[in-house]
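Remarks on the overall topology
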Amino acid sequence: MPVDAALISHLVATTGLSPAEATRVVEDVVAFHAEPVEDYVRRRHADLKTYGAKNPEIFARIAEELAARVVAAPQLSERQLRRLVYG
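Residues numbered from 1 in each chain as written. Predicted model: local features only at pLDDT ≥ 70, side-chain atom pairs only at ≥ 80, totals over all residues. Heavy atoms only, no water.

1. Focus on the packing of aromatic side chains
- Applying the stated criterion across every chain yields a total of zero aromatic pairs.
- Lying across the ring of Tyr-40, Arg-69 places its NZ or CZ 4.4 Å from the centre. (Phe/Tyr/Trp six-rings, centres within 6.5 Å; stacked < 30°, edge-to-face > 60°. Lys NZ or Arg CZ within 6 Å of the ring centre and 35° of its normal.)

Right, here's the structure in full:
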């Protein structure tokens, strides 16, 4: 995906990053937010389980996180979240 040249110019002018560094940062951010909802839910569930969190708090937290993402994911119920993790 081509990176917006105006955004790169803005980052270079305001951060002191080189054009190559600014491009890499933008590509990394876009890739991070391009993660499909299903993959995000599974990854976050596994991450939070690692720290001993229980499913009710995990699913509530994931639902909050999804609502706050830059590109909003659809609102998912706890049941839908469970199905994404367990099938």
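From this point on, the discussion continues.
2. As for helix α1 (residues 5-15)
- Its side-chain oxygen 2.9 Å from the backbone nitrogen of Ala-6, Asp-4 forms the N-cap of α1.
- At the C-terminal side of α1, Gly-16 shows a positive phi close to 85 degrees. (Polar contact = N/O pair within 3.5 Å; in protein donor to acceptor, adjacent residues only side chain to side chain. Helix = DSSP H or I, 4+ residues; strand = E, 2+ residues; numbered from the N terminus.)

3. Some thoughts on the pattern of salt bridges
- A complete count under the given rule lists eight salt bridges for this structure.
- Ionic pairing is found between Asp-28 and Arg-24, a salt bridge with its closest N-O pair at 3.6 Å. With Asp-28 and Arg-24 both in helix α2 (residues 19-33) and four residues apart, the pair spans about one turn of that helix.
- Taking relative accessible area as the criterion, Asp-28 reaches 43% and is therefore assigned partly exposed.
- Between Glu-65 and Arg-44 there is a salt bridge whose closest N-O contact spans 2.8 Å. Here the residue Glu-65 occupies a position in helix α4 (residues 55-68), and Arg-44 occupies one in helix α3 (residues 37-50), the gap between them amounting to 21 residues.
- A relative accessible area of 17% places Glu-65 in the buried class.
- Among the residues examined, Arg-44 registers a relative accessible area of 14% and is labelled buried.
- Salt bridges sharing partners connect three or more residues here, namely Glu-35, Arg-43, Arg-44, Asp-47, Arg-61 and Glu-65. (Salt bridge = Lys/Arg side-chain N within 4 Å of Asp/Glu carboxyl O. Buried < 20%, exposed > 50% of the residue type's maximum accessible area, 1.4 Å probe, protein only.)

4. Notes on the environment of Val-3
- Within the secondary structure, Val-3 is located in the segment before α1.
- Remark: the alpha-carbon pair of Val-3 and Ala-67, spanning 64 residues in sequence, is separated by 25 Å.
- Contact partners of Val-3, with chain neighbours within four places excluded, come to Ile-8, Thr-23, Val-26 and Glu-27. (Contact = heavy atoms within 4.5 Å.)

5. Overview of the packing of α1 against α2
- Relative to each other, α1 and α2 sit at 120 degrees, their axes nearing to 9 Å. Between α1 and α2, the angle is such that the two are oblique. Classified by chirality, the crossing of α2 by α1 is right-handed. Between α1 and α2, the residues in contact are Leu-7, Ile-8, Leu-11 and Val-12 and Pro-19, Ala-22, Thr-23 and Val-26, respectively.
- The residue inventory of the contact of α1 with α2, partitioned by class, reads seven nonpolar, one polar and no charged. (Axes fitted to C-alpha atoms, helices over the stretch in contact; angles between N-to-C directions. Parallel < 35°, antiparallel > 145°, perpendicular 65-115°, else oblique. Left-handed = near helix turned anticlockwise from the far one by under 90°. Nonpolar A, V, L, I, M, F, W, Y, C, P; charged D, E, K, R; others polar.)

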